[in-house]
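Residues per chain, in single letters:
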Amino acid sequence: MAFAKGFLHGTSIVAFMALTIAPSARAGEVLAAVAANFTGAANEIAAAFTEATGHTVIHSFGPTGQIYAQITQEAPFEVFLAADQARPERAEAEGYAVPGTRFTYGVGRVVLWSADDTLIDGTGAVLGSGDFTHIAIANPQTAPYGAAAVETMQGLGVFASLGDKIVQGMTITQTHQFVATGNAQLGFVALSQVLDDESGSRWMVPQDLYAPIRQDAVLLERGAENEAARAYLAFLKGPEARMIIEKFGYDTED
Amino acid sequence: MTEAPLLDAAMVQTTVLTLKLAAVSTIVLLAVGTPLAWWLARARGLWKEVVASIVALPIVLPPTVLGFYLLIAMGPESPLTALLGRKLSFTFEGLVVGSVIYSLPFVVNPIRNAFEAMGERPMEVAATLRAAPLDAFFSVALPLAAPGLFTGAVLGFAHTVGEFGVILMIGGAIPGETKVLSVTVFDYVETLQWDKAHVLAGGMLAMSFLVILSMMLVERRLNGRRE
């Protein structure tokens, strides 16, 4: 009896599984290389994507430049969510990406942030006073948020005077870490990193001080034949993903 | 596009800085590591194993873990910062502290082995000849442990040159202050300047090989002399 019951139970599980899988009989997997700054949003989008389509996303997070270098060395990535436009453009031009699949999935915003509640008075005045020993930015050569930080300081005419106080994080993630631990009293970070963080003080850098940080996604050649990869990019453009992207502090474009 | 020189100013600067960091760290490592190795070789009891384990930790810990703790330890709220009156993060001195901790086992272990291999006998003989303990240490123990000291110094130097994770976490990549070779190579790869990355990476590969080879040759000579 016990055996029969167990057997029946077993078959019902199999039947149930068959039913759940049925709508996505071709459930696939996407291997996505994603810029480190987009980690939080990407995880949430992936969960929504799996719920909607049955496909799953496997992420590889890293600095955009490093991801690009890996792509040129035949990394198995199928889609590429960069922190800039330059690398996806280049991937397209050099034949690593499928032409015509590139689009801007989010526009990043820069915040001057300090873990100290009083250092920043809601304006950029502190930059002029130079009343600190270290200011952190992301590597301007590799990270668009770093380039935007330099552009902002240049626009305000304080870049030269701050020169020897600038410390560089390899990524915007590391830059945030420098500021969050107080090792650098303040720094230029991504809005997405401090959106939920009420602590400290901040200045939302006006968008006319730096070129928009457009983050592009592109379908890589490795994913050209993968239906799940195309579905993922379509989902990334859709309203549900856009809501998540905006929730994480990025603007979206039409 | 103009032809770039094989080595530009930035590459020379990062190389000089790296060698300076490795040299200073090696001197501190020998100064700290030698008495520590001596104590580990002579002491008895449980304490010895506890201290030996702490010294060996950097071998198994990912550099990012060590770097993360160092970043916290060098932060504004830490007792260390209060004690020194200044932050160590993003400074050359901070990198020396990080390098010394990170490379300590590579220096202490060979020296400790050399002291242990020497046995109690030479120091006992020195004592019967009325040599003061400190005198005996410098004129008997250290010369006998010379191969271990040499191996430790070479490994400490080479390991510091090859350090990346810890420096990445506490350095801040300031040219001339904390931007060392390994970080520069990473930077060049990131920015697709692979020609420059090749020059530095190839140089480091050749240097590492020569360092290890010369160490093995010297060890062979020293061992041969003793047999």
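In this text, all values refer to a predicted model and were calculated from it rather than measured experimentally.

1. What to know about a nonpolar patch on the surface
All names here are of chain B.
Then, number 1: On the surface, a nonpolar cluster with roughly 880 Å² of combined accessible area is contributed by Trp39, Leu46, Trp47, Val50, Ile54, Leu57, Ile59 and Val60.
Then, number 2: Among the elements that take part in the nonpolar patch, helix 2 (residues 46-60) stands out by supplying seven residues, more than any other.
Then, number 3: By the secondary structure assignment, Trp47 is in helix 2.
Then, number 4: Assessed through its relative accessible area of 63%, Trp47 is described here as exposed.

2. Considering the UniProt feature "transmembrane region" (unreviewed entry) in chain B
All names here are of chain B.
Then, number 1: Mapped onto the present numbering, the UniProt feature "transmembrane region" (unreviewed entry) falls on residues 21-41, 50-74, 94-115, 136-158 and 197-218.
Then, number 2: In this annotation, residues 50-74 is assigned 88% helix and 0% strand; the end-to-end C-alpha distance for the span is 25 Å.
Then, number 3: Annotated as 100% helix and 0% strand, the span residues 94-115 places its first and last C-alpha atoms 30 Å apart.

3. Observations regarding unusual backbone geometry
All names here are of chain B.
Then, number 1: Of note in this structure, Phe90 is not a glycine but carries a positive phi near 65°.
Then, number 2: Judged by relative accessible area, Phe90 falls into the buried class, the value being 1%.
Then, number 3: Non-glycine residue Ala173 carries a positive phi angle of around 50°.
Then, number 4: Within the element layout of this structure, Ala173 appears in the loop between helix 9 (165-171) and helix 10 (181-190).

4. A word on the domain arrangement of chain A
All names here are of chain A.
Then, number 1: According to the domain assignment, chain A consists of domain 1 (27-107 + 213-247) and domain 2 (110-204).
Then, number 2: Taken together, the contact pairs nine residues of domain 1 with ten residues of domain 2.
Then, number 3: Summed over both sides, the interface between domain 1 and domain 2 buries roughly 730 Å², with carbon and sulfur atoms accounting for 66% of that surface.
Then, number 4: The interface formed by domain 1 and domain 2 holds zero salt bridges in total.

5. Remarks on the UniProt feature "binding site: molybdate" (unreviewed entry) in chain A
Residue and element names in this part refer to chain A.
Then, number 1: The UniProt record marks Thr64 and Ile172 with the feature "binding site: molybdate" (unreviewed entry), using the residue numbering of this structure. The greatest C-alpha distance among the annotated residues, which extend across 109 residues, is 10.7 Å, indicating that they converge on a single site. When the annotated set is filtered for residues lining the largest cavity, what remains is Thr64 and Ile172.
Then, number 2: Along the chain, the position of Thr64 falls in helix 3 (residues 64-72).
Then, number 3: The class of Thr64 is buried, set by a relative accessible area of 5%.
Then, number 4: Beyond its immediate stretch of four places on either side in the chain, Thr64 contacts Ala35, Phe80, Ala82, Ala83, Asp84 and Arg87.
Then, number 5: Among the structural elements, Ile172 can be located in helix 8 (residues 172-180).
Then, number 6: What makes Ile172 buried here is its relative accessible area of 5%.
Then, number 7: Among all residues touching Ile172, those that are not within four sequence positions of it are Asn37, Ala138, Tyr145, Phe188, Val189, Ala190 and Gln193.

6. A short note on the packing of aromatic side chains
Then, number 1: As enumerated under the stated definition, the model contains twelve aromatic pairs over all chains in all.
Then, number 2: On the basis of an interplanar angle of 85° and a centroid distance of 6.4 Å, the ring pair of Tyr68 of chain A and Tyr96 of chain A is categorised as edge-to-face. Within this pair, whereas Tyr68 of chain A is found in helix 3, its partner Tyr96 of chain A is found in the loop between helix 4 (86-93) and strand 4 (103-108), the two being separated by 28 residues in sequence.
Then, number 3: Under the relative-accessibility criterion, Tyr68 of chain A is labelled buried at 1%.
Then, number 4: The exposure class of Tyr96 of chain A is partly exposed, given its relative accessible area of 27%.
Then, number 5: Note on Trp38 of chain B and Phe137 of chain B: the rings are 5.0 Å apart at their centroids and 75° apart in plane angle, and the pair reads as edge-to-face. Linking Trp38 of chain B in helix 1 (residues 9-42) with Phe137 of chain B in helix 7 (residues 133-144), this pair joins segments that are 99 residues apart in sequence.
Then, number 6: Judged by its relative accessible area of 13%, Phe137 of chain B is buried.
Then, number 7: Aromatic ring contacts, followed pair by pair, group Trp38, Phe115, Phe137 and Phe138 of chain B into a single cluster.

7. Considering helix 5 (residues 92-118) of chain B
Three- or four-residue spacings in an α-helix give side chains the same orientation, since the helix completes a turn every 3.6 residues.
Residue and element names in this part refer to chain B.
Then, number 1: Taking 1.5 Å as the rise per residue, helix 5 with 27 residues should run 39 Å; its terminal C-alpha atoms sit 37 Å apart, in good agreement.
Then, number 2: Of all bends in helix 5, the biggest is about 50°, found at Ser103, and the proline Pro105 comes one to four residues later.
Then, number 3: Of all 27 residues in helix 5, 19 are buried, a share of seventy percent or more.
Then, number 4: At the C-terminal side of helix 5, Gly119 shows a positive phi close to 75°.

8. Re the pattern of salt bridges
Residues and elements named next belong to chain B.
Then, number 1: What the rule picks out here adds up to 14 salt bridges over all chains.
Then, number 2: Residue Glu120 is joined to Arg42 by a salt bridge in which the shortest nitrogen-to-oxygen separation is 3.6 Å. Pair noted here: Glu120 is in the loop between helix 5 and helix 6 (121-128) and Arg42 is in helix 1, with a separation of 78 residues, a long-range link.
Then, number 3: Looking at Glu120, the relative accessible area reads 39%, which means it is partly exposed.

9. Overview of the sheet that holds strand 9 (residues 201-204) of chain A
Backbone hydrogen bonds are what pair the strands of a sheet, in a parallel or an antiparallel way.
All names here are of chain A.
Then, number 1: Read from one edge to the other, the open sheet built from five strands follows the order 7-6-8-5-9, with strand pairing classed as mixed. With one partner strand each, in any of the chains shown, strand 7 (166-169) and strand 9 form the two edges of the open sheet. Going from strand to strand, the sheet's axes swing by 30° on average, the running direction of each strand aside.
Then, number 2: In terms of strand pairing, strand 5 (residues 110-114) meets strand 8 (residues 186-190) through four bridges, oriented antiparallel. Residue pairing in the sheet places Trp113 in a bridge with Gly187 of strand 8.
Then, number 3: Against the sheet, helix 6 (residues 144-155) touches strand 5, strand 6 (135-138), strand 7 and strand 8, its axis set at about 130° to strand 6.
Then, number 4: The sheet strands contacting helix 8 are strand 5, strand 6, strand 7 and strand 8, and the helix crosses strand 8 at an angle near 145°.

Conventions and cut-offs
Residues numbered from 1 in each chain as written. Chains lettered and ligands numbered in written order. Predicted model: local features only at pLDDT ≥ 70, side-chain atom pairs only at ≥ 80, totals over all residues. Heavy atoms only, no water. Patch = residues over 30% accessible without salt bridge, like charges linked within 9 Å, V, L, I, M, F, W, Y side chains within 5 Å. Areas by Shrake-Rupley, 256 points an atom, 1.4 Å probe, with all protein chains shown as cover. Salt bridge = Lys/Arg side-chain N within 4 Å of Asp/Glu carboxyl O. Helix = DSSP H or I, 4+ residues; strand = E, 2+ residues; numbered from the N terminus. Buried < 20%, exposed > 50% of the residue type's maximum accessible area, 1.4 Å probe, protein only. UniProt positions renumbered as here; feature names shortened; annotations may be inferred. Domains from an automatic or database assignment. Contact = heavy atoms within 4.5 Å. Buried area = accessible area lost by both parts, 1.4 Å probe. 1 Å grid on protein atoms, 1.4 Å probe; cavity = no way out; pocket = protein on both sides within 12 Å on 5 of 7 lines; lining within 4 Å. Phe/Tyr/Trp six-rings, centres within 6.5 Å; stacked < 30°, edge-to-face > 60°. Expected span 1.5 Å × (residues − 1). Bend = angle between axes of the 7 residues up to and from the residue. Pairing = 2+ DSSP bridges. Axes fitted to C-alpha atoms, helices over the stretch in contact; angles between N-to-C directions.

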